[in-house]
Amino acid sequence: MLKDVFLLILGLAILIYGGDFLVKGATKIALSLHISPLVVGLTIVAFGTSAPEMLISITSALAGSPDLTMGNVIGSNICNLALVLGITVLIGPIKVKSDSVRIDWPMAMGSSAMLYFLVREGVITTYEGIIFICILGFYTFYIIQRSRKISKTEVEQSNPDQGETLSRLDLIKDILLIVIGCLGLYYGSEWFVTSAQELARHWGVSERVIGITVLALGTSLPELVTAITASLKRETDLALGNLMGSNIFNVLSILGVTSIIKEIHVSDEIINHDMLPMLGITLIILPMMLYNRKIGRIEGGVLLFIYLFYTYTVVT
């Protein structure tokens, strides 16, 4: 068992650092191409911090553990909007901009609701996975096109480094970071999933519980670190945008890609006891965003309580 615990921790650490390297390399290249910081937060950073979940979900599905796949995604979405957002706003309130209300939240809520209605038959098919990927493609294209309305001057003012052209050496370094990040994500996910399966068997708990708790919390650590750092720097666009974007990517990209590779069978327990809390938490975020256009410490306390209560009900 000690070996499995060691591999679990080592796999998680490699996953987190792999995702971090991937984000750093891709972000530098994107900013040099004059893509706005907000779009980077909603796409590259969100995708990079979701990369551990994707690799774990694909590995779990191929290993015949669909409850790990679904539990990881559903648990991560709950963790993002309850635990991560709760802790972040306890550090400092987040001001809500109109784009978050008009674009990000409807997309996050819509993708979660669509997932719930599609999985009620107990399976996510290849065809449905293709639909997820197409929707994600349209969404990504829309926000990138929308960002191009920002003038090049405004972009450079918001991030002076964006105006610089990468040298050949810098470009090689960034590409190397991306490659190392991808390798870390691959091997980290293999060790993490294998050890999680063994620990579930040893402790006599279901793979759903491991997915909802251990995997979800572990793979949400990049979002937690990113959101707290952004909050401390008062970069609230990135803090809220990253969490919303990560939830969108979790549903559309992770489950989309995974179901295209292999259909995902969803247990009744996950449908009835885990997806409804995910929808509920996403729903209550809206009035919190609309009230004074600010998510404050009281709302953070409520979200944190909801997460702890939900986790208690899952474990017990």
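Owing to the predicted nature of the structure, the values given are computational and were not obtained by experimental measurement.

## So, helix α12 (residues 275–290)
One full turn of an α-helix is made of 3.6 residues, so residues set three or four places apart face in the same direction.
Part 1 of the argument: Between its first and last C-alpha atoms α12 spans 24 Å; for 16 residues at 1.5 Å apiece the expected length is 22 Å, and the two agree.
Part 2 of the argument: Those residues of α12 that sit buried are Met275, Met278, Leu279, Ile281, Thr282, Ile285, Leu286, Met288 and Met289.

## Examining the nonpolar core
Part 1 of the argument: Of all hydrophobic cores here, the largest spans 60 residues; its most connected members are Ile74, Leu85, Leu115, Ile124, Ile285 and Met289.
Part 2 of the argument: In terms of residue count, the dominant contributor to this core is helix α3 (residues 66–91) (11 residues).
Part 3 of the argument: Ignoring anything within four residues of it in the chain, the contact list for Leu115 reads Ile74, Ile124, Phe132, Val251, Leu255, Met275 and Met278.
Part 4 of the argument: Within the second largest apolar cluster, 14 residues are counted, among which are Leu15, Leu68, Leu199 and Ala200.

## Some thoughts on the pattern of salt bridges
Part 1 of the argument: Under the criterion given, the structure shown has 2 salt bridges.
Part 2 of the argument: In this structure, the salt-bridge partner of Asp274 is Arg208, at a minimum N-O distance of 2.6 Å. Here Asp274 is found in the loop between α11 (268–273) and α12, whereas its partner Arg208 is found in helix α8 (residues 207–219), with 66 residues between them in sequence.
Part 3 of the argument: Relative accessible area serves as the criterion here: at 7%, Arg208 is assigned to the buried category.

## Some remarks on the environment of Leu240
Part 1 of the argument: Summarising the element assignment, Leu240 is placed in helix α10 (residues 236–261).
Part 2 of the argument: Taking the C-alpha atoms as reference points, Leu240 and Asp104, separated by 136 residues in sequence, lie 9.2 Å from one another.
Part 3 of the argument: Among all residues touching Leu240, those that are not within four sequence positions of it are Leu85, Ile94, Val96, Ser100, Met289 and Ile295.

## Observations concerning the side chain of Ser195
Part 1 of the argument: Mapped onto the secondary structure, Ser195 falls in helix α7 (residues 168–203).
Part 2 of the argument: Those residues in contact with Ser195, other than ones at most four positions away along the chain, are Asp4, Leu7 and Leu8.

## Here we look at the confidence of the model for the protein
Part 1 of the argument: For the protein, mean pLDDT is 81; residues scoring 70 or higher make up 85% of the total.
Part 2 of the argument: In this model residues 159–163 is a low-confidence stretch, pLDDT under 50, and it forms 11 contacts with partners more than four residues away in sequence or in other chains.

## Looking at the packing of α3 against α12
Part 1 of the argument: Between α3 and α12, the shortest axis-to-axis distance is 9 Å and the interhelical angle comes to 35°. In this structure, the crossing between α3 and α12 has a hand that is left-handed. Side by side, α3 and α12 meet where Ile74, Asn77, Ile78, Leu81, Ala82 and Leu85 of the first sit next to Met275, Pro277, Met278, Ile281, Thr282 and Ile285 of the second.

## Concerning the side chain of Asn247
Part 1 of the argument: With respect to the secondary-structure elements, Asn247 resides in helix α10.
Part 2 of the argument: On the basis of relative accessible area, Asn247 is assigned to the buried category, the value being 3%.
Part 3 of the argument: A polar atom in the side chain of Asn247 sits 3.3 Å from the backbone oxygen of Asn77.
Part 4 of the argument: Within polar-contact distance, the side chain of Asn247 engages the side chain of Asn80 at 2.8 Å.
Part 5 of the argument: Discounting residues that sit within four places of it in the chain, Asn247 has contacts with Ser76, Asn77, Asn80 and Leu81.

Cut-off values and rules
Residues numbered from 1 in each chain as written. Predicted model: local features only at pLDDT ≥ 70, side-chain atom pairs only at ≥ 80, totals over all residues. Heavy atoms only, no water. Helix = DSSP H or I, 4+ residues; strand = E, 2+ residues; numbered from the N terminus. Expected span 1.5 Å × (residues − 1). Buried < 20%, exposed > 50% of the residue type's maximum accessible area, 1.4 Å probe, protein only. Core = buried A, V, L, I, M, F, W, Y, C linked by side-chain atoms within 4.5 Å. Contact = heavy atoms within 4.5 Å. Salt bridge = Lys/Arg side-chain N within 4 Å of Asp/Glu carboxyl O. pLDDT = per-residue confidence, 0-100. Axes fitted to C-alpha atoms, helices over the stretch in contact; angles between N-to-C directions. Left-handed = near helix turned anticlockwise from the far one by under 90°. Polar contact = N/O pair within 3.5 Å; in protein donor to acceptor, adjacent residues only side chain to side chain.

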